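Listed below are the residues making up each chain.
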Amino acid sequence: MTDAADLRRRTADLLAAHPPATTERLEFLRARFDAGLAWVHFPEGLGGLDAPRSLQAVVDAELEAAGAPGNDPGRIGIGLGMAAPTILRFGTDEQKQRLLRPLWTGEEVWCQLFSEPGAGSDLAALATRAVRQSSGDWIVDGQKVWTSSAHLARWAILIARTDPGLPKHRGISYFVCDMTDPGVEVRPLRQITGEAEFNEVFLTGVRIPDTQRLGEVGEGWKVAQTTLMNERVAIGGARIPREGGMIGVAAADWRARPGLRTHDLHQRLLKLWVEAEVARLTGERLRQQLTKGQPGPEGSGMKLAFARLAQEISGWEVEFLAEDGLTYDDWTMRRPDGVDFTGREAGYRYLRAKGNSIEGGTSEVLLNIVAERVLGLPPEPRTDKDVAWKDLPR
């Protein structure tokens, strides 16, 4: 049984064989993966040691103290938080061996081809079609939207309709899509921030080998649920220190500018600070639950809390900073590698936080999930549940 002492020994061996000061970054990351210290709860040979998930913090602390390079999770978060757990659960041995190592080291960036112009909140209504050929390959045609990092991605996790004669949740299959295929076109979607971290993706005659299917044909919705539950944990349940994240920035502004303080702003900041701390501690409990298995619907509650707090804290900050809160560094159209909620100015945080209640599942949909699957309330009527997708009005 791998314990903390064993992990410290393995980490020391890694550092001795690959000193961070003299080892090229990618070489170190590959060696860390091969040593089972990437995500210790994964199986041996796939970046882990079959150890308890909670022990990852032991490895991370030792490597941070030694100045070891990280894998830039902000840039490859979709691969780490969504694609990897799905591949681990539903992928073949060959898929796991091929995909997980370059995913973790950041050599191959991933994106998520789920939402569509007519299937955002109602994701199961998606219309992108995958038609099987006599060769066994699939030809995919359709459009996806709000795709973060598509302009950087080598691979995508994709859900497409493979049987329109079945009800919408049952005729879907799940694929790994090669973003370098000539039928894949990525167009930027400029956001309110002026940037385009989101994209729309057009798929025209994209050929996907059947060896790049995850799960059984027609069971893509089941596979997608694993992705979505992990996505919400990844967005709302990130580990941060006390008074970290956006509430830390707001508190620092308060301490640095006593001349702008008012009683009302003080009371509101205290309320937000307490709510942020409650959310942080709830996230710690959720991560402890994850050591027992796959995430459940509780992650939807964390994502809800994250979206609401990000918007309220950024709104408070803009109001507190008065005219300085309205400044913005650069409206130039850019296609960034990721989102920076703490390293930019207040105006950016305020504008970017507006997307938090949409991405990763709208707040309205997540409220339904919490109501039905956590609180056990009666579900909303769904008259289209047993109707073939091709017969649904559009």
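> So what exactly am I meant to see when it comes to the pairing of strand β3 (residues 138-144) here?
Look at any regular strand and the pattern is simple: side chains alternate between the two faces of the sheet. Of the pairings in the sheet, the one linking strand β2 (residues 129-132) to β3 comprises 4 bridges and is antiparallel in character. The residue of β3 that forms the bridge with R132 is W138. Here β2 hands over to β3 after 5 residues, with G136 in that stretch at a positive phi of 100°. Two strands pair when backbone bridges link them, and β3 and strand β7 (residues 198-208) are joined in this way by 6 bridges, in the antiparallel orientation. Each bridged residue has a counterpart across the sheet, and for K144 the counterpart in β7 is V201.

> Would you take a moment to explain unusual backbone geometry for this structure?
Glycine aside, a negative phi is what most residues show, and trans is what most peptide bonds show. Not every positive phi belongs to a glycine, and D50 is a case in point at roughly 55°. Mapped onto the elements, D50 comes out in the loop between α2 (25-34) and α3 (56-65).

> Just checking my understanding: could you explain the environment of K390 for this structure?
Here K390 is to be found in the segment after α11 (363-374). For the pair K390 and I247, spaced 143 residues apart in sequence, the C-alpha separation works out to 47 Å. Reaching out from K390, the side chain makes a polar contact with the side chain of D391 at a distance of 3.4 Å.

> How should I be thinking about the pattern of salt bridges in this particular structure?
Opposite charge on two side chains makes pairing possible when the charged atoms of those side chains draw close. Evaluation of the coordinates by the stated rule reveals 34 salt bridges. In this structure, R154 and D178 form a salt bridge, with 2.7 Å as the shortest nitrogen-oxygen distance. Note that R154 is positioned in the loop between β3 and β4 (155-161) and D178 in strand β5 (residues 172-178), a separation of 24 residues in sequence. For R154, a relative accessible area of 26% translates into the label partly exposed.

> What is the right way to read the packing of aromatic side chains from this model?
The geometry of two aromatic rings is summed up by the distance between their centres and the angle between their planes. Within the structure shown, the criterion is met by 12 aromatic pairs. In textbook terms, an aromatic cluster arises when at least three aromatic residues are bridged by ring pairs, as seen for F33, W39, F42 and W104. When the ring centre of W155 is taken as reference, the NZ or CZ atom of R154 above it lies at 4.2 Å. Its end group placed over the ring of Y348, R344 keeps NZ or CZ at 3.9 Å from the ring centre.

> Before we go on, may I ask you to explain the nonpolar core in this structure?
Generally speaking, a soluble globular protein has its nonpolar side chains buried in company with each other. Counting 35 residues, the largest nonpolar core has W39 and W110 as the members making the most contacts within it. When residues of this core are traced back to their parent elements, those giving at least two are α2, α4 (77-90), α5 (93-105), β4, β5 and α6 (220-236). Here the element with the most residues in this core is α4; it accounts for 7 residues. Setting aside anything within four residues of it in sequence, one finds W39 in contact with F33, L46, G47, G48, Q56, L80, A84, L100, L103 and W104. Listed in part, the 19 residues of the second largest apolar core include A310, L321, F341 and A353.

> I tried to follow helix α1 (residues 4-17) on my own but got confused; where do I start?
Given a rise of 1.5 Å per residue, 14 residues ought to cover 20 Å, and the 20 Å separating the end C-alpha atoms of α1 matches this to within 8%. Within α1, burial applies to D6, L7, T11, L14 and L15. Elements that come into contact with the buried residues of α1 comprise α2 and α3.

Rules used throughout
- Residues numbered from 1 in each chain as written.
- Predicted model: local features only at pLDDT ≥ 70, side-chain atom pairs only at ≥ 80, totals over all residues.
- Heavy atoms only, no water.
- Pairing = 2+ DSSP bridges.
- Helix = DSSP H or I, 4+ residues; strand = E, 2+ residues; numbered from the N terminus.
- Polar contact = N/O pair within 3.5 Å; in protein donor to acceptor, adjacent residues only side chain to side chain.
- Salt bridge = Lys/Arg side-chain N within 4 Å of Asp/Glu carboxyl O.
- Buried < 20%, exposed > 50% of the residue type's maximum accessible area, 1.4 Å probe, protein only.
- Phe/Tyr/Trp six-rings, centres within 6.5 Å; stacked < 30°, edge-to-face > 60°.
- Lys NZ or Arg CZ within 6 Å of the ring centre and 35° of its normal.
- Core = buried A, V, L, I, M, F, W, Y, C linked by side-chain atoms within 4.5 Å.
- Contact = heavy atoms within 4.5 Å.
- Expected span 1.5 Å × (residues − 1).

Treat this as a map of the structure, not an account of what it does.
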